[in-house]
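Residues per chain, in single letters:
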Amino acid sequence: MIKIPDLKPASREERRQYYREEWDVKNIPDFIKKSIDKREFGFDHFGKGPNDRYKVFRNTDYLKRFLKAKTPFAAYCSVAFYEKPRRRDGWLKSELVFDVDAKDIPIRTCGCDSVCEICLNEAREIVCGLLDTLKGDLGLKDIHVVYSGRGYHLRVQDEDVTKLDSDVRSQVVKYLVGADVPQNEYGSEGTTYNLEHFTIPFGYPQVFTERVKYAILHLTKDSKLDNVNEKLIKDLIKHREHLENNEWGMFKNQIGPIRYKKVLKGIASLNMSLVDAKVSIDLKRILRLPSSLHSIVSMKCTEVKDIENFDPFRDAVPKFVYERDD
Amino acid sequence: MIMVSVAFINPLSDDGKQIVREMGSLEGVSDINEELIDAVIQTKSQEISDDDVVPQTYFDFALRRIEWYIKKKNDKKFNYKKYTFLLNDNILKFDVIAFYLLCQAIAIKFGPNSRESRVMVESQGELIENRLGELSKADRKDLVTLMLNSLISYSSIKWTFFEDLLSSRKLNLQDLILDNGEIILDKEEFVERFSDRIEHRDPGKMFDLMIGDRIKELILIRMIMQNTENYMQTVHEKSGREIEPNPVLLELADKVSDVLSASAQSYGYGGSFASDTKASPLNPKAFPPCVKKVLEGMKSGGRNDAIILFLTPFISYARLYPSVFSENISKRVSDVDPNLAALQNEILPMIFGAADRCNPPLFEDQPQEKVNINAKMGFGMHETLELKDEGETIWYTPMSCEKVKIHLPSLCKPDADCKKIGNPLTYYNRKKRMVKKEESQNESPNES
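Owing to the predicted nature of the structure, the values given are computational and were not obtained by experimental measurement. (Residues numbered from 1 in each chain as written. Chains lettered and ligands numbered in written order. Predicted model: local features only at pLDDT ≥ 70, side-chain atom pairs only at ≥ 80, totals over all residues. Heavy atoms only, no water.)

This next bit is on the overall build of chain A. Secondary structure summary: chain A contains 14 helices and 14 strands in total. Against the 2.2 N^0.38 benchmark of 20 Å for 326 residues, chain A shows a C-alpha radius of gyration of 22 Å, consistent with a compact globule. Across chain A, the fraction of contacts at a sequence separation of at least 24, relative to all contacts at a separation of at least 6, is 67%. Summing over all exposed atoms, chain A offers an accessible surface of approximately 14,600 Å²; the carbon and sulfur share of this is 46%. Here chain A contributes 56 positively and 52 negatively charged side chains, and the mean placements of these two sets differ by 5 Å. (Helix = DSSP H or I, 4+ residues; strand = E, 2+ residues; numbered from the N terminus. Rg over C-alpha atoms; globule rule 2.2 N^0.38 Å. Contact = heavy atoms within 4.5 Å. Areas by Shrake-Rupley, 256 points an atom, 1.4 Å probe, with all protein chains shown as cover. Lys, Arg positive; Asp, Glu negative; His and termini not counted. Charge placed at Lys NZ, Arg CZ, Asp CG, Glu CD.)

Printed below as a string of structure tokens:
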């Protein structure tokens, strides 16, 4: 089993070995291959950022030749489709994407500085939750999950959403992550009723409940929530077993209504960092090319077919890592 | 049989267009109209204390529409009885004509992205809501259903259908009940889809509470608002191709603008008092929490965006052009700071200070970012700030709270004053006024 310390940066020689011996054009997902001539490609040759941009490939053969010759530090392609990708001109549409980076997720139980098995698995759990909402609530079907090397990209191809502008995408992000505390007062015929989010098993309140549950079940004593003191964090941890059984009423009683409200606000604010929203609203973003090498951690950026059972340390490690001497 | 005409709710409907066609031309829109005066006077519960209250012409009527909205929104002593006629469907013809006059006048003179357009669209939404509120429950339900049916195909609406409303934030995705991509509006559909998930509650009652007629009305109102906005956009585009706009419409547009300016003086419409949003030295006590946080220096991610995209536009506009959003006129820095003295001596030191307090200091490892600061203030990609380069790039306006949440989520730690504002600059203008008031109150005992 590969361990995190084994995942040191790939040397120039290892990159060469990867692209010339292991990389296969077959590993580029079809959703990219079939639109290759409409996308902009970008490359980072020296580990200083993708500054070789505006590249275009008429078909996979040209891309193959380029990768094998240049063996780049990192390879990217646009989420956007253009009439003239060489000039990023004539924007046609963009995939709807969500970027979950394990090192940036707001509540991590590991406390590591970069990424490790634990936070990568937590990123995977978050992705599973987002997928449920994308499919169940938003009715999206053509979704591809890509392991990026340090987290996951969700890439939605449904025609309905690829033309959406940044403002709508930002609303989708907020819905998906549970960025606002849902209203809890509903009126009917002049009477107001109080319905807590956890008593509503559908729609946005349910999404929010799921995200709150995830956050509370992953809190550690060192976790930080806006306007929530250490004592309250401690109490949340102490009583969270109620949430494992979905006993929300009991949990709220133990915490107290005012403190509970504070917790909801704190988690809602934190939820905005579950995904990198900048990526989702950017219609011209370039994302790491699935099949390429993430040279900083020596892992393969790879399409994930079965997210429930995906293990990056089994499924995304290039051969050269196993052959390293030290 | 519903008693109210569809055009009274939606002037853009076929019925509404028919009324405009019958009117024919703009002739006589500023003449005294006895029929209108009668309709207003005969409105039940209408309070007529003086003649000024009664609109005498189509013009007057149009302005009353705007005035009603502004006063209702801002005036704590608003007397709604002076405007009861706006809810009386006997004024239908005048209302529809006034609606078109306003849309055209505002679109031609100010364009679709102006403050005047925003007020027009908002006032239409508010009027619809109030007019629906006057109907019996059954009539209201029937009318809403009838109108929605004419606007959308009713069975199974996908959320993406409302792309425009979501984009302009007239509709919030979180307010809709979604299942498998569809918006649930029908009770039977709701019960069928969700009853097995709902425990200890009657699914029918749950529907009435969560969806009922509320969401349908919300969608209807927001669609009409969006269509009003789209109509103004079309008029604006067409007017650009025409030779001379009708002077009658330009006159009305000016009067609408006067109503808004007067309200800005009285109520600070748009969240800022015109008199207090003049360029003046910065008052850091009035900065919102997000700005204070960046000024302390960013200790973790988002350092570049925080200093360049967020702080630079905020500080420069707060110091030089704090009324940018209410005036809605594009300016260059030199329009308000001709020799760039405030820019060099007040604005840049504050931005550079914040950059130095970052960890690591921003310019230590990325000195090229200084150029980006100049670019965001309109001076192109140059290392020095020179008037000759001004205009090569645009002077970025401050990010809205919404954008801050997306780009720099860690910055948004709202305090109580953040609740009613949508932009950190608006917060600053309001708070500056409050701080000034507090300070003058503290000083007054010494003065007396």
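Glancing now at helix 8 (residues 230-239) of chain A. Residues and elements named next belong to chain A. For helix 8, the complete set of buried residues consists of Leu232, Ile233, Asp235, Leu236 and His239. One side of helix 8 carries all its buried residues, which in axial view fall inside an arc of 160°. Set apart from the buried face of helix 8 by more than 90 degrees, the exposed residues are Glu230, Lys231, Lys234 and Lys238. Looking at the buried side of helix 8, the elements it contacts are helix 7 (203-218), helix 9 (241-244), helix 10 (248-255) and helix 11 (257-271). (Buried < 20%, exposed > 50% of the residue type's maximum accessible area, 1.4 Å probe, protein only. Arc of directions from axis to C-beta.)

Residues and elements named next belong to chain A. With respect to topology, 4 strands assemble into an open sheet ordered 6-8-7-14, the strand pairing being antiparallel. Of all strands in the sheet, those bounded by a partner on one side alone are strand 6 (96-101) and strand 14 (302-304). Neighbouring strand axes in the sheet, compared pairwise and without regard to direction, differ in orientation by 25° on average. With 3 bridges connecting them, strand 7 (residues 143-147) and strand 14 associate as antiparallel partners. Note that in strand 14 the partner of Tyr147 across the bridge is Thr302. (Pairing = 2+ DSSP bridges. Axes fitted to C-alpha atoms, helices over the stretch in contact; angles between N-to-C directions.)

Moving on, we come to the interface of chain A and chain B. The interface of chain A with chain B comprises 41 residues on the first partner and 34 residues on the second. Between chain A and chain B the total buried area reaches about 3,500 Å² when both faces are included, carbon and sulfur atoms providing 57% of it. On the chain A side of the contact with chain B, Gln171, Phe202 and Lys278 of chain A bury the most area, a combined 19% of that side's loss. Where chain A meets chain B, there are 4 salt bridges. For Arg169 of chain B, the salt bridge identified is with Asp167 of chain A, shortest N-O distance 3.5 Å. Applying the counting criterion to the chain A and chain B interface returns 12 residue pairs in polar contact (both at pLDDT 80 or more). With 7 residues, helix 6 (residues 166-177) of chain A is the single largest residue contributor to the side of chain A that touches chain B. (Buried area = accessible area lost by both parts, 1.4 Å probe. Salt bridge = Lys/Arg side-chain N within 4 Å of Asp/Glu carboxyl O. Polar contact = N/O pair within 3.5 Å; in protein donor to acceptor, adjacent residues only side chain to side chain.)

Turning next to the domain arrangement of chain A. Residues and elements named next belong to chain A. Domain parsing of chain A yields domain 1 (1-177 + 274-311) and domain 2 (180-271). The distance between the C-alpha centroids of domain 1 and domain 2 comes to 32 Å. With 16 residues of domain 1 at the interface, the matching set in domain 2 holds 13 residues. The junction of domain 1 with domain 2 conceals about 1,300 Å² of combined surface from both sides, 57% of it contributed by carbon and sulfur atoms. There are 1 salt bridge connecting domain 1 and domain 2. (Domains from an automatic or database assignment.)

All names here are of chain A. Here strand 1 (residues 41-44) shows no split at all, with Phe41 and Phe43 on one side and Gly42 and Asp44 on the other all buried. Across 2 bridges, the pairing between strand 1 and strand 2 (residues 52-55) is antiparallel. Following the sheet pairing, Phe43 is matched in strand 2 by Asp52. Looking at chain direction, strand 1 and strand 3 (residues 74-78) are connected through 4 bridges and run antiparallel. Bridge pairing in strand 3 places Phe43 opposite Ala75.

A few words now on the packing of aromatic side chains. The final tally for this structure, using the stated rule, is 31 aromatic pairs over all chains. Arranged with centres 5.4 Å apart and planes meeting at 65°, the rings of Tyr147 of chain A and Tyr152 of chain A form a pair that is edge-to-face. Considered together, Tyr147 of chain A and Tyr152 of chain A belong to a single accessibility category, that of buried residues. Judged by centre distance (5.2 Å) and plane angle (65°), the ring pair of Phe352 of chain B and Phe363 of chain B falls under edge-to-face. Here Phe352 of chain B is found in helix 17 (residues 341-356), whereas its partner Phe363 of chain B is found in helix 18 (residues 362-365), with 11 residues between them in sequence. In this structure Phe363 of chain B comes out as buried when scored by relative accessible area, which is 10%. The cationic tip of Arg131 of chain B hangs over the ring face of Phe8 of chain B; the distance from NZ or CZ to the ring centre is 3.9 Å. The aromatic ring of Tyr396 of chain B is capped on one face by Lys376 of chain B, whose charged end is 4.9 Å from the ring centroid. (Phe/Tyr/Trp six-rings, centres within 6.5 Å; stacked < 30°, edge-to-face > 60°. Lys NZ or Arg CZ within 6 Å of the ring centre and 35° of its normal.)

All names here are of chain A. In this structure's numbering, the residues bearing the UniProt feature "active site" (unreviewed entry) are Asp99, Asp101 and Asp276. Of the residues just listed, which span 178 residues, no C-alpha pair is farther apart than 7.7 Å, and they cluster in one region. Examined against the element boundaries, Asp101 turns out to sit in strand 6. Residue Asp101 is classed as buried on the basis of its relative accessible area of 17%. Aside from chain neighbours lying at most four places away, what touches Asp101 is Arg150 and Gly151. Summarising the element assignment, Asp276 is placed in the loop between helix 11 and helix 12 (277-281). According to the relative accessible area criterion, Asp276 is partly exposed, its value standing at 26%. (UniProt positions renumbered as here; feature names shortened; annotations may be inferred.)

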